[in-house]
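Listed here are the chains, written in short residue letters.
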Amino acid sequence: MSSYWIYHEKQESMLCGQHALNNLIQRNSFDPQQLSEIAQQLDQMELNYMAANNEGGTSSKDYLKRLQEGSGNVDESGNFSIEVLRSALMSRYDLELPNLLQQGLNKLEITEMEGFICNRSSHWFAIRKINGRFWNLNSTNERPEVISHFKLASEMQALMDGGWSVFCVVSGLPGACSCEAMMDQGLPQYWWKEEDLLEGKTNAMTRATDPWKGVGSGRRLDGGNNNGGGSNSKSIHDMSEEEMLQYAMAASLEQPARAEKSASYELTDEPLEGAPNAVKCNFRLPDGTRTSRRFLSSERVGVLYAFVESKCSQQKVELRAGFPPKDIASRRDDTIERAKLSGEMILSKLL
């Protein structure tokens, strides 16, 4: 019978976003420099979009204000945004990280999903299914903690009731570690033997203390030569910085789709937190400020326009979402669920 090992990076500085990704993937795939580069690319894409679409270009008040704000995707302490984590997973593993409240996901059995990343304020942590069991891999905990299938749904609900945002990976995560060779993909002090954890041993073995650990494999332990999660697989998101910026500029310069005039969209009262079918959307307003609001997933995308316009003295706006950001005017009559805008960052500019 194979022995499983569980990878659990511990907290360093404010790098919990990096630890959450690596604990989710179960290997040392991402480092601060890689995530910072993604954050810079996202920041530059936002600036390029504003420069191309705001009157006055790089001299406009909104552009200069955004520039003065600094990065919107990583702060000085190393805390990364959800956009950075999503882009990292997509570019390296072709994995999506939707919000658990996104409509369509509620039809799936939560215990059939493979992993979760949870966020509140500046803290991130991962929950991952390994060998048929779910493990809480919070980097502030001393060791991994098992979560029963019976308790998983209630604990997720408790997190969301407590103000946490929960994002999920339905399927496609790399396999868990069940052999010696796979352990070279993580740092030795962070591997825990599953059977020791399940038996509640106070001196549970890590690979750093395992007398039988393999030596001399010739492979790096920092993930740089990780064949299982390397960056050799090319996808549309796995581009050089210059390619990504060119792609973003091309998308931002697309002629905005002209939505047919339809019935006006009435902005109803904001659903209560935790209300059935309530989803949250995030916005960057034309003046550069950020805000968020809850909507019902069954509401039309048009109400997002109504909300932003209510913040702009009823001036007409253009909205863009996605990576790179694309105009969503043609989706006004789609539901927020169908347009997959739950939890997304939506950029706006005055027309």
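Summarised in this report is the structure supplied together with it. (Residues numbered from 1 in each chain as written. Predicted model: local features only at pLDDT ≥ 70, side-chain atom pairs only at ≥ 80, totals over all residues. Heavy atoms only, no water.)

It is worth spelling out the state of the cysteines at this point. The full count for this structure, using the stated rule, is 0 disulfides. Looking at Cys177, it has no disulfide partner, and the nearest cysteine sulfur is the one in Cys179, 6.0 Å off. Under the relative-accessibility criterion, Cys177 is labelled buried at 2%. (Disulfide = S-S within 2.5 Å. Buried < 20%, exposed > 50% of the residue type's maximum accessible area, 1.4 Å probe, protein only.)

Let us now look at the pairing of strand 3 (residues 123–130). Of all 8 residues in strand 3, 7 are buried; the element is thus mostly enclosed. Where strand 2 (residues 115–120) and strand 3 come together, 6 bridges link them in antiparallel fashion. Considered in strand 3, the bridge of Ile117 is made with Ala126. Where strand 2 folds back on strand 3, the antiparallel hairpin that results is connected by 2 residues, among which Ser121 adopts a positive phi of roughly 55 degrees. The pairing of strand 3 with strand 4 (residues 133–136) spans 4 bridges and is classified as antiparallel. Looking across to strand 4, one finds that Lys129 is bridged to Phe134. Following strand 3, the chain reverses through 2 residues before pairing antiparallel with strand 4; Asn131 in that reversal takes a positive phi of roughly 55 degrees. (Helix = DSSP H or I, 4+ residues; strand = E, 2+ residues; numbered from the N terminus. Pairing = 2+ DSSP bridges.)

Tallying each qualifying case throughout the model produces 9 aromatic pairs. Ring plane angle 55 degrees and centroid distance 4.9 Å describe the contact between Tyr7 and Trp191, whose orientation is recorded as tilted. With a gap of 184 residues between them, Tyr7 in strand 1 (residues 5–7) and Trp191 in strand 7 (residues 191–193) connect regions that are remote in the sequence. Tyr7 sits in the buried class, given a relative accessible area of 0%. (Phe/Tyr/Trp six-rings, centres within 6.5 Å; stacked < 30°, edge-to-face > 60°.)

Moving on, we get to empty space enclosed by the protein. Here the structure, examined in full by the defined rule, presents 2 cavities of 30 Å³ or more. Forming the walls of the largest cavity are 12 residues, and the residues nearest its centre are Tyr49, Met50, Arg284, Leu285 and Ser348. Put simply, the parts of the chain that give the lining of the largest cavity at least two residues each are helix 2 (32–53) and strand 12 (345–350). (1 Å grid on protein atoms, 1.4 Å probe; cavity = no way out; pocket = protein on both sides within 12 Å on 5 of 7 lines; lining within 4 Å. Points joined across faces, edges and corners; volume = space filled by probe spheres on them.)

Each pair of packed helices can be summarised by the angle the axes make with each other and by the distance between the axes. In the contact formed by helix 2 and helix 4 (residues 82–93), the axes pass within 9 Å of each other and the chain directions differ by 110 degrees. On the basis of their axis angle, the class for helix 2 and helix 4 is roughly perpendicular. Along its contact with helix 2, which presents Gln34, Leu35, Ile38, Ala39 and Leu42, the element helix 4 presents Glu83, Val84, Ser87, Ala88 and Arg92. (Axes fitted to C-alpha atoms, helices over the stretch in contact; angles between N-to-C directions. Parallel < 35°, antiparallel > 145°, perpendicular 65-115°, else oblique. Contact = heavy atoms within 4.5 Å.)

Looking along a regular strand, one sees the side chains alternate between the two faces of the sheet. Strand 2 sits mainly inside the fold: 5 of its 6 residues count as buried. With 5 bridges connecting them, strand 2 and strand 6 (residues 165–169) associate as antiparallel partners. Among the inter-strand pairings, Asn119 is bridged to a residue of strand 6, identified as Ser165.

A few words now on helix 4. Between its first and last C-alpha, helix 4 extends 16 Å over 12 residues, near the 16 Å set by a 1.5 Å rise per residue. Burial runs high along helix 4: 12 of the 12 residues are buried. Here helix 4 has its buried residues at Ile82, Glu83, Val84, Leu85, Arg86, Ser87, Ala88, Leu89, Met90, Ser91, Arg92 and Tyr93. On the buried face of helix 4, the contacting elements are helix 1 (16–25), helix 2, strand 2, strand 3, strand 6 and strand 12. Two residues or fewer after helix 4 comes Asp94, characterised by a positive phi angle close to 55 degrees. (Expected span 1.5 Å × (residues − 1).)

Turning our eyes to something else, we now look at the pattern of salt bridges. If you walk through the whole model with that rule in mind, you get 8 salt bridges. Among the salt bridges present, the one from Glu46 reaches Arg284, with a minimum N-O distance of 3.2 Å. Of the two residues, Glu46 is situated in helix 2 and Arg284 in strand 8 (residues 278–284); the sequence distance between them amounts to 238 residues. With respect to burial, Glu46 and Arg284 carry one shared label: buried. When the shortest N-O distance is used, the salt bridge between Glu194 and Arg133 registers 3.1 Å. Remark: Arg133 occurs in strand 4 and Glu194 occurs in helix 6 (residues 194–198); sequence separation between them is 61 residues. With a relative accessible area of 6%, Glu194 lands in the buried category. (Salt bridge = Lys/Arg side-chain N within 4 Å of Asp/Glu carboxyl O.)

The next point concerns the environment of Tyr190. Turning to its location among the elements, Tyr190 is positioned in the loop between strand 6 and strand 7. Residue class for Tyr190 comes out buried when judged on its relative accessible area of 10%. Taking C-alpha positions, Tyr190 is 10.0 Å from Pro144, a pair spaced 46 residues apart along the chain. Those residues in contact with Tyr190, other than ones at most four positions away along the chain, are Ile6, Tyr7, His8, Glu9, Lys10 and Glu12.

Turning next to the sheet that holds strand 4. The strand order 5-4-3-2-6 describes an open sheet built from 5 strands, whose pairing is antiparallel. This sheet does not close on itself; its edge strands, each paired only once, are strand 5 (145–147) and strand 6. Put simply, the sheet's adjacent strands are angled 25 degrees from each other on average, direction ignored. This element, helix 1, spans strand 2, strand 3 and strand 6 of the sheet and lies at about 5 degrees to strand 3.

Any functional reading would require information that these geometric values do not contain.
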